Amino acid sequence: MLKICYLYPDILNQHGNWGNVAALLKRCVWRKIDVDLIKINPGDPVDFAKVDIVYLGTGSEQARKAVFDDLMPRRDILQTAIEQGMVMLAAGSGCHLLGMYRLTEEGHRVSSLGLISFYTRLTNTFLVGDCVIGMQLAGNEVRIAGFENHREHVVRSEGLAPLGNILYGHGNNGKDKTEGFRYKNVFGTNMASLLPKNPMLTDLLLGAALQNKKSPVKFTTLDNSLEERALDVMLKRLLD
Amino acid sequence: MSVIRLPLAVWIGKLVGWVSRVSGHKGSSLPGMVARKIYPRVLTDLAARLRRPRLLYREDQGHRNTAGKIIAVTGTNGKTTVTHMLYDFLKMSSQKIVYNQEGANMINGVTAAFIASVGFFGKVFGEFALLEIDEGSLPSIMDEITLDILVVTNFSSDQEDRFSMASAAEVVREAVAREPSVWLVLNADDPNTAVLADTMPQQYFFYGTTAGSPSVEARFCPRCAKKLLVGFDGCPGKYACSCGFVRPEPDLIVEPVSGSGEVCCRARLTTGQEYMLRLPVLGAFNYYNMAAAFLTGICLGLDPERMVIGLRNYATSPGRMERFSHMGKPVLLNLVKNARGYSEALSVLDPMIGSVVLLLALSDTAADGCDVSWIWDVNFERLSLDPNKFGCFICTGTRGAEMAVRLKYAGVLEQNVHVIDNTSDAVLAALEKPGTHVVLFSAYSTLMPLRKVLLSKTKLGGPHAENMLSLS
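Residues numbered from 1 in each chain as written. Chains lettered and ligands numbered in written order. Predicted model: local features only at pLDDT ≥ 70, side-chain atom pairs only at ≥ 80, totals over all residues. Heavy atoms only, no water.

Residue and element names in this part refer to chain B. Strand order in the open sheet made by the nine strands is β2-β3-β1-β4-β5-β6-β9-β10-β11, with mixed pairing throughout. Two strands lie at the open edges of the sheet, namely β2 (97-99) and β11 (274-279), each paired on one side alone. For this sheet, the mean angle separating the axes of adjacent strands, direction not counted, is 20°. The pairing of strand β5 (residues 183-187) with strand β6 (residues 204-209) spans four bridges and is parallel. For N187, the partnering residue across the bridge sits in β6 and is Y207. The strands touched by helix α4 (residues 79-92) are β1 (70-74), β2, β3 (128-132), β4 (149-152) and β11; relative to β3, the strand with the most contacts, the crossing angle is about 165°. Against the sheet, helix α5 (residues 107-116) contacts β1, β2 and β3, and its axis sits at roughly 155° relative to β3. (Pairing = 2+ DSSP bridges. Helix = DSSP H or I, 4+ residues; strand = E, 2+ residues; numbered from the N terminus. Axes fitted to C-alpha atoms, helices over the stretch in contact; angles between N-to-C directions. Contact = heavy atoms within 4.5 Å.)

All names here are of chain B. By size, the foremost hydrophobic cluster in this structure holds 114 residues, and its most contacted members are L277, Y342, L349, L358, F380, F393 and F441. Mapping this core onto the domain boundaries places at least three of its residues in each of domain 1 (46-312) and domain 2 (322-460). In this view, F393 contacts L358, L360, L383, L407, V412, N416, V417 and H418; residues no more than four positions away in its chain are not counted. Judged by nonpolar contacts, the second largest core, of 50 residues, contains A9, L50, A72 and V176. (Core = buried A, V, L, I, M, F, W, Y, C linked by side-chain atoms within 4.5 Å. Buried < 20%, exposed > 50% of the residue type's maximum accessible area, 1.4 Å probe, protein only. Domains from an automatic or database assignment.)

On the side of chain B, 31 residues touch chain A, which itself brings 34 residues to the contact. Carbon and sulfur atoms supply 55% of the area that chain A and chain B bury against each other, a total of about 2800 Å² over both sides. At the boundary of chain A and chain B, one finds five salt bridges. A salt bridge links K408 of chain B to E227 of chain A, with the shortest nitrogen-to-oxygen separation between them at 3.0 Å. Linking chain A to chain B there are twelve residue pairs in polar contact (both at pLDDT 80 or more). Put simply, the parts of the chain that give the side of chain A that touches chain B at least two residues each are α1 (17-29), α2 (61-71), β7 (118-137), β8 (140-156) and α6 (225-239) of chain A. (Buried area = accessible area lost by both parts, 1.4 Å probe. Salt bridge = Lys/Arg side-chain N within 4 Å of Asp/Glu carboxyl O. Polar contact = N/O pair within 3.5 Å; in protein donor to acceptor, adjacent residues only side chain to side chain.)

With that settled, the discussion passes to the pattern of salt bridges. Any two side chains of opposite charge can pair if their charged atoms end up close together. Under the defined criterion, the tally for this structure stands at 36 salt bridges over all chains. The residue R382 of chain B makes a salt bridge to D350 of chain B at a minimum N-O spacing of 3.0 Å. Highlighted residues: R382 of chain B in the loop between β14 (356-361) and β15 (392-396) and D350 of chain B in the loop between α11 (339-346) and β14, separated in sequence by 32 residues. E381 of chain B is the salt-bridge partner of R406 of chain B, the closest N and O atoms lying 2.8 Å from each other. Linking R406 of chain B in helix α12 (residues 400-409) with E381 of chain B in the loop between β14 and β15, this pair joins segments that are 25 residues apart in sequence. Assessed through its relative accessible area of 0%, R406 of chain B is described here as buried. A network of salt bridges, in which partner residues are shared, links R27, R31, D203 and E227 of chain A together with K408 and E414 of chain B.

The next thing to look at is the side chain of R247 of chain B. Residues and elements named next belong to chain B. In this fold, R247 is placed in the loop between β8 (235-240) and β9 (252-257). In this structure the side chain of R247 is engaged in a polar contact, spanning 2.7 Å, whose partner is the backbone oxygen of T209. Excluding residues that lie within four positions of it along the chain, R247 makes contacts with A188, D189, G208, T209, G212, K238 and Y239.

A few words now on the side chain of K408 of chain B. Mapping K408 of chain B onto the fold places it in helix α12. Each residue touching K408 of chain B, except ones within four places of it in the same chain, is listed here: W30, D223, L226 and E227 of chain A together with E414 of chain B.

Residues and elements named next belong to chain B. Taken across its seven residues, strand β13 (residues 329-335) has seven buried, putting it largely inside the fold. Alternating residues of β13 divide into K329, V331, L333 and L335 and P330, L332 and N334, and every residue in both groups is buried. Pairing between strand β12 (residues 322-326) and β13: five bridges, direction antiparallel. By the bridge assignment, R323 is partnered in β13 with L332. Of the pairings in the sheet, the one linking β13 to strand β17 (residues 437-442) comprises five bridges and is parallel in character. Paired with L335 across the two strands is S442, which belongs to β17.

Given below as structure tokens:
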């Protein structure tokens, strides 16, 4: 039984967050893998040690404060789970919250959750548009396409791996040609609803979660022709 | 210099418009753009020449002198419909109106509308100006002309790559705060809209429904940013915040009444007067559109009985639940631009009995908004619950394949989903598929191409969709 924890579905209820959750959920259902979706709203108890995949999505600036206030008291538990290999996907402002701190435009440091070694810089430059990255997956480079819209720029620390390198678009800060981050089984991205047409990434997360459980479940291949067609539209348009 | 530059700007603008239309384009914004380059003050000067109305057909009633010269409608959804309804009302007293065509709702389009209304000797023919205004363009337009009445329909997430819902509300709020003389007509059921009354305008009026909005999208209080309490007192849409911000009591409250093939409601003013409003168009959001237009009409001193008639005879704009019929089968065309509008549009499928062929056109041109992730905020899952009723989905548009992926993850069987990139082929396929209804949900940029095919292959107008034969 795979447990997927959807954080704050009520206040992070827009910006395509459901796409990421649906992708994870459905690809289990189609493989006849038992899956349980746990929705956690501020104040709800959750044991991160018992959860297999956590999704923290993107939302408004106001939502960010509510999320921070709820997650800060639980950050130590979250950190332990992350170090033990829990699978997590953080998108947009959810991703930004995991960093060490946020630098405001005036230069003040505002604490973030301090879970992953990067910081963010709040700027006046919106990085908006379609985005294609090259990501290492099982020794091959795969193309992942999505859409970014953020004025909070990400600056990774020296040892933190990116999610991928930019083939089109801005990514973390529009300067270092990287996008997102990857730490153990935590994947961070600036893009919203990334998973649906990037099933290889979804399967990577699911595979890692099943491996953690030492599950004997056979991970069958699914027909991804529809997803590939949708992905192809963007790759052809942006890379050719 | 304006003595020369103003007429020059106007006449060159008119010429540009004429050339544009003759060569097959809409010509609804270009004239404005060109004119503004010649004489930047063209809009301000023309707006100032709008004649005051001489005749209102309810003068005897001693209505407040709300003879507004310029009425504007803004908000995320419903602008075009509300403006169109007001146009019908004002037209009934056969007054000339400066009116900007759909889509031409930014500063160039508004300028073009005034240019179109200028007569040979430079007179602006119009007692009223009725303007649909894009939220982002409101500040720049308000910098140049003085609005008398501003109707704000709602704010919801739309084209988030342009600006977020919160920013659109902020932009409008700042613009309105600078002009307290504007009278506001506001949707009480949308917190981000209702809060505009805080800007202390000279006058403001609220409209709302008895149930409140079924899905309040704003989760946070626009005054203090704390989480809103939604749904109490047996009213799913009532909202309140601990800081004191609550859903205001509407001056005009509408109570939906079930009707078939039309939207019907009882409208009650705080004066106690009641009217039955009927609109021969589907779509629950039309309760709000009717309420907005009706209340604005009351502010203008229009005759309510005549407005009731106006609504009854309302002919929808292109793609607003537009009805066609093909070999006896009802065909419905609807424009969907954002998650909120889409969710509400899907509800027209509920009363349909039979099997519905759905064509979903999704595109990401600049006019549509480049970010399509909002489709994941629309409840398509409900369509997978009844595969007998919804057994055929045709996806088209520049992001048709992405829409198909959405459906797949919503639980729709892949064999029932067809991606046809060419929009004309897609429409033809939809019309040929077996089914009792054909319903098209179209992006902004695909609307006219789809409509063109429908006009050539089907008959405009048609039987009420859900009056069609039931299979039971």
